[in-house]
Amino acid sequence: MKKLLSLALSMSMLFALVSCGGTPANSNPGGAGADVSSSAGSGAPSSGGEPIKIGFFAPITSAAASADGESTKNSVELAIKILNDAGGIDGRKVELVWYDDGLDTSQAVSIAEKLTTKDGVCAVVSGSYSGPTRVAAPIFQAAGIPMMSAYAVHPDVVNAGDYVFSQSFPGKVQATAAAYFAVNELKAKNIAIIAVDLDFGTEQASAFKAYAEANGATIISEDFVAMADNEFSSIVTKVKSLNPDLIYLPNYYGHAAEVLKQCKVQGVECAILGCEGADSWQFFETAGEYAEGFYITTNLDRDSQDPAVQEYIQLYSETYSKMPDMTGASAYDAMQILFEAIKTAGTDPAAIRDAITGMTNIDTVTGTLYRYTAAGSAVKPVQIQVVKDGAFHHYGVIEDESIIVPEN
């Protein structure tokens, strides 16, 4: 798979994929709940047969999440274009049926019902957050249609059943790896937590606290903030007075950037560790110079020596005029897993599920996927990245299976 991916990327680069002007698929997305079918780069269906339809939903228009929605949609369209330009699967083009969930759980339910009853898809990728993904997952399970979550961290996603998989690690794995790094590598003893008050933040804060306290650290303060909050001076003032060794931020890019700014302005001198929520091109637009030295846990290693990783980064950057992030890379990998399963097993949903279940040691742009757990969670290394000279770079990797293997 790794060689095929690298070859496909190289072929697409040679044949001027980037001439698409930054929109390799449908360039007119609908509003929240709207659907647009596109066969990226394919034109009419090939003579090999009817197109293979894959569903997709993401928060394209949500003010709080549009950057992540854009990244995932760009990446799945890029993956499909590369595949279709290389001939598709057994001569059949792949067609994307996509919806904008607007980061709205009620919209996600409606979308899942449409995808499972009228759209004729054989599998689905969620490019959305835990809230929309976890309410949609039981609907796909009941319909017997495989759903691959790109990056939603809540355990309820994969707990929906055996047709539901996660391409990234759960929040508890990522947060435990973060605590391991904080305590054992950064030697933090007194830690403050500033988390977003959503599944994403509360799940990670809880797991981080459990590991850190069990291994000799003290959580000296915990603050939970709403997505709409954008002023953190009072929280940072309080945290500074407690003299922390480290601040842990299970938060999204906007909050992380604002906390970093306040810490630099107020002279807080301690390590600051975030998570994949800050792994976004938009983070740097907001944080600017204040981002330097910031650590995150994520699944995308920008400095990987794997040619397929570097080709993906280069191709995405040239096509969309911005750097890719972990949400996009995870969605890209989710598509690659589905492509491989369909190549192996055909388009029967149960056969696709079984093919995914049996995959082991698959090289993806977000690292080696060792296997899926019985519940469908990915087992893969956790990357530690650090900001140097205005960009994320490799700092370390956590591969200890006592940490990276999910409980479910």
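Reading the values: rules and limits
Residues numbered from 1 in each chain as written. Predicted model: local features only at pLDDT ≥ 70, side-chain atom pairs only at ≥ 80, totals over all residues. Heavy atoms only, no water. Axes fitted to C-alpha atoms, helices over the stretch in contact; angles between N-to-C directions. Helix = DSSP H or I, 4+ residues; strand = E, 2+ residues; numbered from the N terminus. Parallel < 35°, antiparallel > 145°, perpendicular 65-115°, else oblique. Left-handed = near helix turned anticlockwise from the far one by under 90°. Contact = heavy atoms within 4.5 Å. Nonpolar A, V, L, I, M, F, W, Y, C, P; charged D, E, K, R; others polar. Buried < 20%, exposed > 50% of the residue type's maximum accessible area, 1.4 Å probe, protein only. Polar contact = N/O pair within 3.5 Å; in protein donor to acceptor, adjacent residues only side chain to side chain. Salt bridge = Lys/Arg side-chain N within 4 Å of Asp/Glu carboxyl O. Expected span 1.5 Å × (residues − 1). Bend = angle between axes of the 7 residues up to and from the residue. pLDDT = per-residue confidence, 0-100. Core = buried A, V, L, I, M, F, W, Y, C linked by side-chain atoms within 4.5 Å. Pairing = 2+ DSSP bridges.

**Some details on the packing of helix H5 (residues 171–185) against helix H6 (residues 199–214)**
Phase 1: Following both chains from N to C, one finds H5 and H6 inclined at 40 degrees, their axes separated by 8 Å at the closest point. Judged on the interaxial angle alone, H6 and H5 are oblique. As for how H5 packs across H6, the hand of that crossing is right-handed. Across the interface between the two elements, Gly-171, Lys-172, Gln-174, Ala-175, Thr-176, Ala-178, Ala-179, Tyr-180, Ala-182, Val-183 and Asn-184 from H5 touch Glu-203, Gln-204, Ala-207, Phe-208, Tyr-211 and Ala-212 from H6.
Phase 2: A breakdown of the residues in the contact of H5 with H6 according to their chemical character gives 10 nonpolar, 5 polar and 2 charged.

**A look at the environment of Gln-141**
Phase 1: When you line up the elements, Gln-141 lands in helix H4 (residues 130–143).
Phase 2: Residue Gln-141 is classed as buried on the basis of its relative accessible area, which comes to 19%.
Phase 3: As a C-alpha pair, Gln-141 and Thr-116 span 25 residues in sequence and 9.9 Å in three-dimensional space.
Phase 4: Side chain to side chain, Gln-141 and Asp-162 meet in a polar contact 2.8 Å long.

**Describing the pattern of salt bridges**
Phase 1: Per the stated rule, a full pass over the model turns up 13 salt bridges.
Phase 2: The closest approach of N and O atoms between Arg-134 and Asp-156, which form a salt bridge, is 2.5 Å. Residue Arg-134 is located in helix H4, and its partner Asp-156 is located in the loop between strand S5 (147–149) and strand S6 (164–166); the two are separated by 22 residues in the primary sequence.
Phase 3: By relative accessible area, which is 23% here, Arg-134 ends up partly exposed.
Phase 4: The partner of Glu-401 in a salt bridge is Arg-371, with the nearest N and O atoms 3.4 Å apart. Placement of the pair is Glu-401 in helix H13 (residues 401–404) and Arg-371 in strand S14 (residues 371–372), with a sequence separation of 30 residues.
Phase 5: Three or more residues joined by partner-sharing salt bridges are found here, namely Arg-134, Asp-156 and Asp-199.

**Comments concerning H4**
Phase 1: With 14 residues, H4 should cover 20 Å at 1.5 Å per step; its first-to-last C-alpha distance of 20 Å lies within 8% of that length.
Phase 2: The sharpest bend along H4 comes to roughly 25 degrees, located at Ala-136, with the proline Pro-138 sitting one to four residues further on.
Phase 3: Here H4 has its buried residues at Ser-130, Pro-132, Thr-133, Ala-136, Ala-137, Phe-140 and Gln-141.
Phase 4: Taken together, the buried residues of H4 touch strand S2 (52–58), helix H3 (105–117), strand S4 (123–126), S5, S6 and H6.
Phase 5: Of the residues one or two after H4, Gly-144 is the one with positive phi, at around 70 degrees.

**Focus: the confidence of the model for the chain**
Phase 1: Per-residue pLDDT for the chain has a mean of 89; in total, 88% of the residues score no lower than 70.
Phase 2: The low-confidence segment residues 1–32 (pLDDT under 50) makes 67 contacts with residues lying over four places distant or belonging to another chain.

**Here's the deal with the nonpolar core**
Phase 1: If you look at the biggest cluster of nonpolar residues, it comprises 56 residues, and the most contacted ones within it are Met-335, Phe-339 and Ile-356.
Phase 2: At the level of secondary structure, the elements contributing two or more residues to this core comprise S2, helix H2 (66–85), strand S3 (94–100), S4, helix H10 (307–320), helix H11 (326–345) and helix H12 (349–357).
Phase 3: Leave out the neighbours within four places in its chain, and Met-335 touches Ile-54, Val-76, Ala-79, Ile-80, Leu-96 and Val-125.
Phase 4: Ranked by size, the runner-up nonpolar core spans 32 residues in total, among them Ile-191, Ala-205, Phe-208 and Tyr-248.

**Quick notes on the environment of His-255**
Phase 1: Looking at the secondary structure, you find His-255 in helix H8 (residues 253–266).
Phase 2: Of the residues examined, His-255 reaches a relative accessible area of 5% and is grouped as buried.
Phase 3: With 30 residues separating them in the primary sequence, His-255 and Val-225 have C-alpha atoms 8.9 Å apart.
Phase 4: If we skip the residues at most four places from it in the chain, His-255 touches Val-196, Val-225, Ala-226, Met-227, Asp-229 and Phe-232.

**With respect to the side chain of Asp-223**
Phase 1: Tracing the backbone shows Asp-223 in strand S8 (residues 218–225).
Phase 2: The class for Asp-223 is buried, based on a relative accessible area of 14%.
Phase 3: For Asp-223, the side chain forms a polar contact with the side chain of Lys-238, separated by 2.7 Å.
Phase 4: The contacts of Asp-223, once residues within four sequence positions are left out, are Ile-193, Ile-194, Ala-195, Ile-235, Lys-238 and Val-239.

**Observations concerning the pairing of S2**
Phase 1: Counting buried positions along S2 yields 6 of 7 residues, so the element is predominantly enclosed.
Phase 2: Where S2 meets S3, 7 bridges bridge the pair, whose relative direction is parallel. Looking at the pairing, Lys-53 lines up with Glu-95 of S3.
Phase 3: Judged from the 4 bridges that link them, S2 and S4 form a sheet pairing that is parallel. For Phe-57, the partnering residue across the bridge sits in S4 and is Ser-126.

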